[in-house]
Amino acid sequence: FNLQGGMAEGIIKWLAVPANLGLLVYKPWTLVTYMFLHEDFFHILFNMLWLYWFGRIFLEYLDGRKLLSTYILGGLAGAILYILAFNLFPVFSAIQPISFALGASASVLAIVIAISTFVPNYTIYLMFLGPVRIKYIALFSVLLDLLSIQSSNPGGHIAHLGGALFGYFYIKRLQKGKDLS
């Protein structure tokens with residue numbers, strides 16, 4: 001809504017998932033709402049482009065119920081890994097009380113990794129690069145998040161990895177006949 005100042009900050013703090021367990025107890029809905037909340041235009045734009053592109057591939061092989069489940073459960077996995085990391089690792093102790101996560105990236109990455117695990121040799125054509133198998137795009141995304149944990153947004157990258165882990169394990173379980181959706 002392009003809100004500025006205190007109102008925007010209040011909405012973000014009301015809907016973003018906190019790393020602080022004391023705050024999370026009073027705002028449990030944030031485990032879900034954070035994955036639908038974005039702070040700026042480019043954040044939502046890139047998440048929605050990835051969701052569109054990989055969601056279409058996902059729907060070529062799997063159904064909409066599995067896509068929605070992967071999105072929601074991948075987002076939950078991202079939030080849980082973010083909260084665990086910020087409460088277990090001392091390196092985050094200084095920022096843990098004021099840290100919040102928001103965005104669809106963990107959910108979207110769950111879908112990217114899930115479909116890349118399901119059909120790893122699916123090929124897409126990228127401008128300037130030509131044909132690329134999606135398993136390499138997925139691998140590059142995960143490696144970039146691993147290397148970026150020490151950046152200015154460690155919580156976001158940890159949440160992305162939580163979503164990615166869920167996407168991978170979801171498809172591995174599905175291939176064994178266990179549908180978590």
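Given the structure is predicted, the values throughout are model-derived calculations rather than measurements.

Caption draft 1: Structural detail: the packing of aromatic side chains. Overall, the coordinates contain 11 aromatic pairs when judged by the stated rule. The interplanar angle of 20° and the centroid separation of 5.2 Å between the aromatic rings of W50 and F54 together place this pair among those described as stacked. With W50 and F54 both in helix 4 (residues 41–61) and 4 residues apart, this pair spans about one turn of that helix. The class of W50 is partly exposed, set by a relative accessible area of 28%. On the numbers, 5.4 Å between centres and 75° between planes, the contact of Y168 with F169 is edge-to-face. Residue classification places Y168 among the partly exposed residues on the basis of a relative accessible area of 36%. Chaining the aromatic ring pairs together yields one cluster made of F41, F42 and F46.

Caption draft 2: Summary view of the side chain of S107. Among the secondary structure elements, S107 is positioned in helix 6 (residues 105–118). Given the relative accessible area of 1%, S107 is considered buried. If we ignore the near neighbours within four places in the chain, the residues touching S107 are M35, T70, Y71, G74 and G75.

Caption draft 3: Just the pairing of strand 4 (residues 130–133), in detail. As paired strands, strand 3 (residues 123–126) and strand 4 are joined by 4 bridges and run antiparallel to one another. If you follow T123 over to strand 4, its bridge partner there is R133. As consecutive antiparallel partners, strand 3 and strand 4 are separated by 3 residues, and within that stretch F128 has a phi angle of approximately 75°, a positive value.

Caption draft 4: How the structure looks around the environment of S116. Looking at where S116 falls in the secondary structure, it is placed in helix 6. Classification of S116 as buried rests on a relative accessible area of 5%. Taking the C-alpha atoms as reference points, S116 and Y26, 90 residues apart in sequence, are found 37 Å from one another. There is a polar contact of 3.4 Å between the side chain of S116 and the backbone oxygen of I134.

Caption draft 5: A look at the packing of helix 5 (residues 64–88) against helix 8 (residues 154–175). Running from N to C, helix 5 and helix 8 point in directions that differ by 135°, and their axes come no closer than 7 Å. By the angle class used here, helix 5 and helix 8 are oblique. As for how helix 5 packs across helix 8, the hand of that crossing is right-handed. In contact with K66, S69, T70, L73, G74, A77, G78, L81, Y82, A85 and F86 of helix 5, helix 8 contributes P154, G155, I158, A159, L161, G162, G163, L165, F166, Y170 and L174.

Caption draft 6: Representation of the packing of helix 4 against helix 5 in the model. At a closest axis distance of 9 Å, the pairing of helix 4 and helix 5 adopts a crossing angle of 135°. One finds that helix 4 runs oblique with respect to helix 5. Our pair here, helix 4 against helix 5, has a crossing hand that is right-handed. Touching L51, G55, F58 and L59 of helix 4 are G64, K66, L67, T70 and Y71, all from helix 5. Tallied by class, the residues present in the contact of helix 4 with helix 5 amount to 5 nonpolar, 3 polar and 1 charged.

Caption draft 7: Local environment of the nonpolar core. Among the nonpolar cores identified, the biggest contains 41 residues, and V17, Y34, F54, F58, Y82, I115 and I134 are the most heavily contacted of them. Contributing elements (two or more residues each) for this core: helix 4, helix 5, helix 6, helix 7 (134–148) and helix 8. Looking at this core, the element that brings in the most residues is helix 6, giving 9 residues. Look past the residues within four positions of F58 in its chain and what remains in contact with it is D63, K66, L67, T70, I111, A114 and I115.

Rules used throughout
Within each chain, residue numbers correspond to sequence positions counted from 1 in written order. Local features in a predicted model are, by the rule used here, given only for residues with pLDDT of at least 70; side-chain atom pairs are given and counted only at 80 or more, and totals for whole chains, interfaces and linings are based on all residues. Side-chain measures here rest on the full set of heavy atoms in the structure, leaving out hydrogens and waters. We call Phe, Tyr and Trp rings a pair once their centres come within 6.5 Å, taking the six-membered ring for Trp, and we label the pair stacked below 30 degrees between planes, edge-to-face above 60, and tilted otherwise. Note on conventions: DSSP H or I runs of at least 4 residues are helices, E runs of at least 2 residues are strands, and numbering of each starts at the N terminus. A 1.4 Å probe rolled over the protein chains alone gives each residue an accessible area, and that area as a share of the maximum for its type sets the label: buried under 20%, exposed over 50%, partly exposed in between. The contact definition used throughout considers only heavy atoms, calling two residues in contact when any of these lie within 4.5 Å. What makes two strands pair is DSSP finding at least two bridges between them. Throughout this description, a polar contact denotes any pair of N or O atoms lying within 3.5 Å of each other; where both atoms belong to protein, one of them has to be capable of donating a hydrogen while the other can accept it, and for residues adjacent in sequence the pair is counted only when both atoms sit in side chains. Angular values range over 0 to 180 degrees, each being the angle between N-to-C directions of two axes fitted as lines to C-alpha atoms, with helices fitted over their stretch in contact. Oblique is the label for any angle not under 35 degrees, not over 145, and not in the 65 to 115 range, which are roughly parallel, roughly antiparallel and roughly perpendicular in turn. Left-handed describes a crossing whose near helix is turned anticlockwise from the far helix by less than a right angle; the clockwise case is right-handed. Residue classes follow a fixed rule: Ala, Val, Leu, Ile, Met, Phe, Trp, Tyr, Cys and Pro count as nonpolar, while Asp, Glu, Lys and Arg count as charged, and any other residue, Gly among them, counts as polar. We define a nonpolar core as any set of buried Ala, Val, Leu, Ile, Met, Phe, Trp, Tyr and Cys residues linked to one another through side-chain atoms lying within 4.5 Å.

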